[in-house]
Each structure stands twice: as C-alpha cells, then as structure tokens.
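# Results of the structural survey
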Amino acid sequence: MNILLIDNGTSYLPQLKNLLFGHTVEVAKYFELDSLDLKDFDIFVLSGVHDIPLIGNERQFQKEIDLVKNSQKPIFGICFGFELIAHVFSGRLERMEAKEHGMVDIQATEPGELLFDTASFQVFESHCWVVKEPTDEMTVLARSKDGIEAFKHKTRPIYAVQFHPEMFGERSYGNEIFQNFLSLYIFKCLKIF
C-alpha cells in the first residue's frame, strides 16, 4: 500500500509523517507532482499549508486540483487540502475575520464511518478560510461554529477535514479519525487489487 503525502507547505509535516508511521509513504511538494507517476500510489493525503491561500493561487496548485478532479483513488484532505477539495467541487471558500487557532469543539452531523458514533469532540484548528455550505457533491460529516469541519464526496472515496488530525492526537479525536480513514481504504484497496 503506497501513500503519497502531498506537502503544500505545512508547518506540521513532522507530526503528519508521524501520523503515517507504519505505512509506505512518499512525501512530495505540490509543485513536484509532474515528476511522479501518480499511478504508483494507492492513497493520496493533501496537507495543510503555512502561508499561501488557495484563492488567487489556483494556477500554482493546478496539478493537485487535477488530481482531485480525475483520480478515482482515495484522497484525504487536511486544512488547505480540505479547502482545495471543496474548491474543486464548487464549494465557496470564505475568508474569516480572524484566524482560528487552537482547540475547537465540533459536532458530528453524520456519525459513524469516519467519525465513529461520537456526537461532539475537540480538534486542533489553524486556518483562515471556511466553507459554510455544502455543494450537491458533498455529505457534511461535522460542523463547528465557523462552518463545515468534515465532509465526504457522495460518490468518490474522498474525505476532507478542516482541522489538523496530526496535532494533539492525545487531546482530540483527530488521530482516530485519520486512522479510521486509512483503515477503511487500506482494506478496500487490498480487496480491489
């Protein structure tokens, strides 16, 4: 099972790599996708970003946008990855008045599958953009006071979370949510291949 971790410039790369410990993982910067044969990978993880917004920089991330549009393989987006996936499926990104940074309470709107049966929990956030309303292709899994926190695509194996599952796993459900995604799709991919 090969996982491609696409580094969009996250400042949490060591923590994200740690979250993927035990799996075969290749890390590539978003601008290095041209040099890879994406058919070699079974799962794609799109990281957060440190300081580049998607809006106004879409050309810079075009290869990643194309990957989300065209791949039928499992994809998991984190923070900026969430925003990029939402953008691909016509989600409206709105800039927040102030950056959200720290632990945030979120409520599951669709318990089970990715979020287990937990009604509410805390996760770590660090972002300036939100998606408030889903598109027809999204099933909302969780919300917070700011907007959508987690969604899945209705027909493709794509999940995205606005929060950072790689941070403070001992104090939040982020780690469990991410590991649940991997478990679901590693098993499914093994059945396919």
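Residues numbered from 1 in each chain as written. Predicted model: local features only at pLDDT ≥ 70, side-chain atom pairs only at ≥ 80, totals over all residues. Heavy atoms only, no water.

Let us look at the packing of aromatic side chains. The description of an aromatic ring pair rests on the distance of the ring centres and on the angle between the ring planes. Tallying each qualifying case throughout the model produces 7 aromatic pairs. Summarising the aromatic geometry, the rings of F41 and F44 are spaced 6.4 Å apart at their centres and angled 55° between planes, so their arrangement reads as tilted. A residue is classified by how much of its surface remains accessible, and F41, at 6% relative accessible area, is buried. For F44, a relative accessible area of 1% translates into the label buried. (Phe/Tyr/Trp six-rings, centres within 6.5 Å; stacked < 30°, edge-to-face > 60°. Buried < 20%, exposed > 50% of the residue type's maximum accessible area, 1.4 Å probe, protein only.)

Quick look at the pairing of strand β3 (residues 43-46) now. Burial along β3 is two-sided: I43 and V45 facing one way and F44 and L46 facing the other are all buried. Direction of pairing for strand β1 (residues 2-7) relative to β3: parallel, over a ladder of 4 bridges. Bridged to I6 within β3 is L46. Bridge count between β3 and strand β4 (residues 75-78): 3 bridges; the pairing is parallel. For V45, the partnering residue across the bridge sits in β4 and is F76. Each parallel crossover has a hand, and for β3 linked through helix α2 (residues 62-70) to β4 it is right-handed. (Helix = DSSP H or I, 4+ residues; strand = E, 2+ residues; numbered from the N terminus. Pairing = 2+ DSSP bridges. Right-handed = clockwise from strand over helix to strand, strands pointing away.)

So, on to α2. Every α-helix winds through 3.6 residues per turn, so residues three or four apart in the chain are directed the same way. Among all positions in α2, only E64, I65, L67 and V68 are buried. Projected onto a plane normal to the axis of α2, the buried residues spread over an arc of 155° and lie on a single side. Contacts from the buried residues of α2 go to β1, β3, β4, α3 (80-88) and β9 (158-161). (Arc of directions from axis to C-beta. Contact = heavy atoms within 4.5 Å.)

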